[in-house]
Amino acid sequence: MTTSNAEHGLMQVGDEVRVVPDNLEATEAWNGPLFDVWMEFREILTGGVRGHGERALALEPPREGDRVLDIGCGLGDTTVGLAQLVGPSGHAHGVDVAERMIHTAITEATETGILNVSFATCDVESARFADTFDYAFSRMGTMFFARPVTALRNVREALTPGGRLTMVVWRRKLDNEFLHHAERVVAEHLDEPEEYDAPRCGPGPFSMANADTVTDVLTAAGYENIRLARVDLPYKIGNDLEQAVAMNMAIGPAAEILRLWGNRAADLKPRIQADLRTALADYVTSEGAVFASSSTWTVTATAQR
Ligand SMILES: C[S@@+](CC[C@H](N)C(=O)[O-])C[C@H]1O[C@@H](n2cnc3c(N)ncnc32)[C@H](O)[C@@H]1O
């Protein structure tokens, strides 16, 4: 496991990360092409989810002094934010399966000088957490496990009895035009290939969109008091139309189909790009930026006592 603690001011790349076989492909995606895309479109991607995360934290904030786990923390901006919310008597620990995400998170958190934060590379589905937590949080980090019940049970076992879980997940595609419109455009040209070389990202961003499914997953994983609150916010897909097209061709369900086809779809790309430009033009505002709908569930639950 790769661990770091800003308290020690250094990063240790230690034992191998134990990833369950079913998550190997998704790990390859998140640690490879998706990490690169995440860095390239960071401002847009983080900006688009920031409001959803803030709404969730306003609804169910951690308490001062809480020990917090941030699941699928990515580049760690939420982990640092959580560390600030719980204050110096608390602690925030971010975990992610992509080592490159964690490396960047550690570097950036160290630069902030905040001491009550730490990170580890781990597959939450195989994790046995050494510490216990009062509060677990995730912004879009729980939709990619091959077996969500197992992963969320591991989180529940690390929570104190009655400890709280707050996670932000995308609702149904129809209310998330910032990704879904592009998916429809690409689908006019390409279905998913039966054979592919590029790694898939796992079950995908909409795998927890169904309220009943999420409730069943959490119940099976040992949670109670499960509630879902809908949050709708405009999502800025690009500072201009070109960036919006590039973003949709780089990440999300439309991009995943293109990635899976690889070079075999190279001839189609200019036409898809042109169609996306036409489709996304509807979302351009008078200032030139591109906004479309986005919608999440803030899911809250407590670990069974
Ligand atoms: C959509 S990103 C969200 C990142 C971050 N929470 C944010 O809001 O910016 C999903 C994250 O989940 C991580 N992830 C996927 N599968 C995981 C697993 N099995 N265990 C831990 N993290 C995982 C990915 O590496 C990725 O960083």
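Read on for an overview of the structure. (Residues numbered from 1 in each chain as written. Predicted model: local features only at pLDDT ≥ 70, side-chain atom pairs only at ≥ 80, totals over all residues.)

Quick look at helix α3 (residues 42-59) now. In an α-helix there are 3.6 residues to a turn, and that puts residues three or four apart on one side. For α3, spanning 18 residues, the distance from its first C-alpha to its last is 25 Å, which sits close to the expected 26 Å at 1.5 Å a residue. The sharpest bend along α3 measures roughly 35° and falls at R50. For α3, the full list of buried residues reads I44, L45, G48, V49, H52, G53 and A56. (Helix = DSSP H or I, 4+ residues; strand = E, 2+ residues; numbered from the N terminus. Expected span 1.5 Å × (residues − 1). Bend = angle between axes of the 7 residues up to and from the residue. Buried ≥ 20, exposed ≤ 12 C-beta atoms within 10 Å, placed from the backbone.)

Moving on to unusual backbone geometry. Even without glycine at this site, M140 takes up a positive phi of about 60°. Structurally, the position occupied by M140 is in the loop between β6 (133-139) and α6 (148-158). With phi around 55°, N225 is a residue other than glycine that occupies positive phi space. Relative to the helices and strands, N225 resides in strand β8 (residues 223-238). Accessibility expressed as a C-beta count within 10 Å gives 13 for N225, which makes it partly exposed.

A136, V155, V169 and I237 are the most contacted members of the largest nonpolar core, which totals 88 residues. Ignoring any residue separated from it by four or fewer positions in sequence, one finds V169 in contact with M140, T142, M143, M208, V214, T296, W297 and V299. (Core = buried A, V, L, I, M, F, W, Y, C linked by C-beta atoms within 7 Å. Contact = placed C-beta atoms within 7 Å.)

This paragraph deals with the pairing of strand β4 (residues 91-96). Taking burial as the measure, the six residues of β4 include six buried ones, the bulk of the element. Residues H91, H93 and V95 line one face of β4 and the alternating positions A92, G94 and D96 line the opposite face, and both faces are buried. Two strands pair when backbone bridges link them, and strand β3 (residues 67-71) and β4 are joined in this way by five bridges, in the parallel orientation. Across the sheet, residue V68 finds its bridge partner in β4, namely A92. Viewed along the sheet, the connection from β3 through helix α4 (residues 77-86) into β4 turns out right-handed. Summarising the sheet, β4 and strand β5 (residues 117-121) pair through five bridges and their orientation is parallel. Across the sheet, the residue bridging to V95 is A120, located in β5. Remark: the β4/helix α5 (residues 99-112)/β5 crossover connection has right-handed handedness. (Pairing = 2+ DSSP bridges. Right-handed = clockwise from strand over helix to strand, strands pointing away.)

Around the ligand lies a shell of 23 residues, among which W30, G72, G74, V97 and R139 are the nearest. For the shell around the ligand, the secondary structure elements donating two or more residues are α1 (24-31), α3 and β4. (Near = placed C-beta within 6 Å.)

Nothing here speaks to function; it is geometry throughout.
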